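# Working through the structure, step by step
Residues per chain, in single letters:
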Amino acid sequence: MLATAQMSAGVCPQRSEHVQARKVGRDTLLVHLLLKQYHVLNHIAGRIWDLADGKRSDGDIAAEIAEEFNVDRTIVGDDVASTLQTLTDLRLIELKVPS
């Protein structure tokens, strides 16, 4: 498991190319094609998934979530990092060093 500090150190979460996503109401359904697993994300975790484009750091994603949901950045930072860590552990996102 990567520590939050390691995630912030110049890497950007990116959605795995082996995962397909579909919006179902406010939720996001993810299907990992290779692992043959599916996961359902609530609307906030789904938005974090959407923002994991390989260009934004976890801090950038937290700032955007804070702005969109009108919440203090310091409050959402740990939650965003935890969500990204879980998505990484499930192999739904990968950590990319931006070029």
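What counts and what doesn't
Residues numbered from 1 in each chain as written. Predicted model: local features only at pLDDT ≥ 70, side-chain atom pairs only at ≥ 80, totals over all residues. Heavy atoms only, no water. Helix = DSSP H or I, 4+ residues; strand = E, 2+ residues; numbered from the N terminus. Contact = heavy atoms within 4.5 Å. Polar contact = N/O pair within 3.5 Å; in protein donor to acceptor, adjacent residues only side chain to side chain. Axes fitted to C-alpha atoms, helices over the stretch in contact; angles between N-to-C directions. Parallel < 35°, antiparallel > 145°, perpendicular 65-115°, else oblique. Left-handed = near helix turned anticlockwise from the far one by under 90°. Nonpolar A, V, L, I, M, F, W, Y, C, P; charged D, E, K, R; others polar.

## So, the environment of Arg26
Counting through the fold element by element, Arg26 comes out in the loop between strand E2 (19-24) and strand E3 (27-32). Taking the C-alpha atoms as reference points, Arg26 and Leu41, 15 residues apart in sequence, are found 9.0 Å from one another. Beyond its immediate chain neighbours, meaning those up to four positions away, Arg26 contacts Asn42 and His43. A distance of 2.7 Å separates the side chain of Arg26 from the side chain of His43, its partner in a polar contact.

## Details of the packing of helix H2 (residues 43-51) against helix H3 (residues 58-68)
Their axes nearest at 10 Å, the elements H2 and H3 cross at an angle of 135°. Regarding the angle of H2 to H3, the classification is oblique. The handedness of the crossing between H2 and H3 is right-handed. Between H2, through Arg47, Ile48 and Leu51, and H3, the contact on the second element is made entirely by Ile61, Glu64, Ile65 and Glu68. Looking at the contact of H2 with H3 residue by residue, the classes come out as four nonpolar, no polar and three charged.

All quantities given are derived from atomic positions and should not be read as evidence of function.
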